[in-house]
Amino acid sequence: MSGFKKFLMRGNLVELAVAVVIGATFSGLVQALVKDLITPLIAAITGGSQPDFSQYVFTINGAKFMYGDFVNQLLSFLIIASVIYWLVVLPMSRLISFFDRNKQATEKKCPECISDIPVEASRCAFCTAVLSPVVAAEEPAL
């Protein structure tokens, strides 16, 4: 029983559980956004009703292939993916790049083997090439 208790109390398991719960809640939020706002907006722009392809089928030797349902799901996925990209991924990328723009590099590329090595290194740890020292940028005089 103690092993099971240790398993449950591991930090990454709790973090994973929190991530799943938040992800499920976020999924519901995004689906509601798409269903209640984005899809009606698309219908208003195109001048028609909300697209519904669920009735589209074709038959081969008596077997029904309901491809319309697949088309509905595909369109829903594409709309949700684009909403996630434009409203979450792109703003977060810009925010992260805004905070990282003044960060000084801690690694450089070795000119011989193209490995990442510390800026202060005078010899590459991978190919043992001798490197020229990096001169710190001087502050401009006022």
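Our structure is the block above this text.
Residues numbered from 1 in each chain as written. Predicted model: local features only at pLDDT ≥ 70, side-chain atom pairs only at ≥ 80, totals over all residues. Heavy atoms only, no water.

Observations concerning the side chain of K108
Relative to the helices and strands, K108 resides in strand β3 (residues 107–109). Buried charge without a salt bridge: K108, with E120 as the nearest opposite-charge side chain at an N-O distance of 8.5 Å. Within the structure, K108 has its side chain in polar contact with the backbone oxygen of V119 (distance 3.5 Å). (Helix = DSSP H or I, 4+ residues; strand = E, 2+ residues; numbered from the N terminus. Buried < 20%, exposed > 50% of the residue type's maximum accessible area, 1.4 Å probe, protein only. Lys, Arg positive; Asp, Glu negative; His and termini not counted. Salt bridge = Lys/Arg side-chain N within 4 Å of Asp/Glu carboxyl O. Polar contact = N/O pair within 3.5 Å; in protein donor to acceptor, adjacent residues only side chain to side chain.)

Remarks on the packing of aromatic side chains
Under the criterion given, the structure shown has five aromatic pairs. Measuring from ring centre to ring centre gives 5.7 Å for F58 and Y67, while their planes differ by 40°; the resulting arrangement is tilted. On the basis of relative accessible area, F58 is assigned to the partly exposed category, the value being 36%. On the basis of an interplanar angle of 70° and a centroid distance of 5.5 Å, the ring pair of F98 and F99 is categorised as edge-to-face. Note on F98: relative accessible area 44%, which makes it partly exposed. Residue classification places F99 among the exposed residues on the basis of a relative accessible area of 59%. (Phe/Tyr/Trp six-rings, centres within 6.5 Å; stacked < 30°, edge-to-face > 60°.)

Some details on the nonpolar core
C110, I117, C124, A129 and L131 together form the largest nonpolar core, which totals five residues. With residues near it in sequence (within four places) discarded, C110 still touches S115, I117, C124, C127, A129 and L131. (Core = buried A, V, L, I, M, F, W, Y, C linked by side-chain atoms within 4.5 Å. Contact = heavy atoms within 4.5 Å.)

Considerations on the environment of S132
Mapped onto the elements, S132 comes out in the segment after β4 (116–118). Residues S132 and S122, spaced ten residues apart in sequence, show a C-alpha to C-alpha distance of 6.4 Å.

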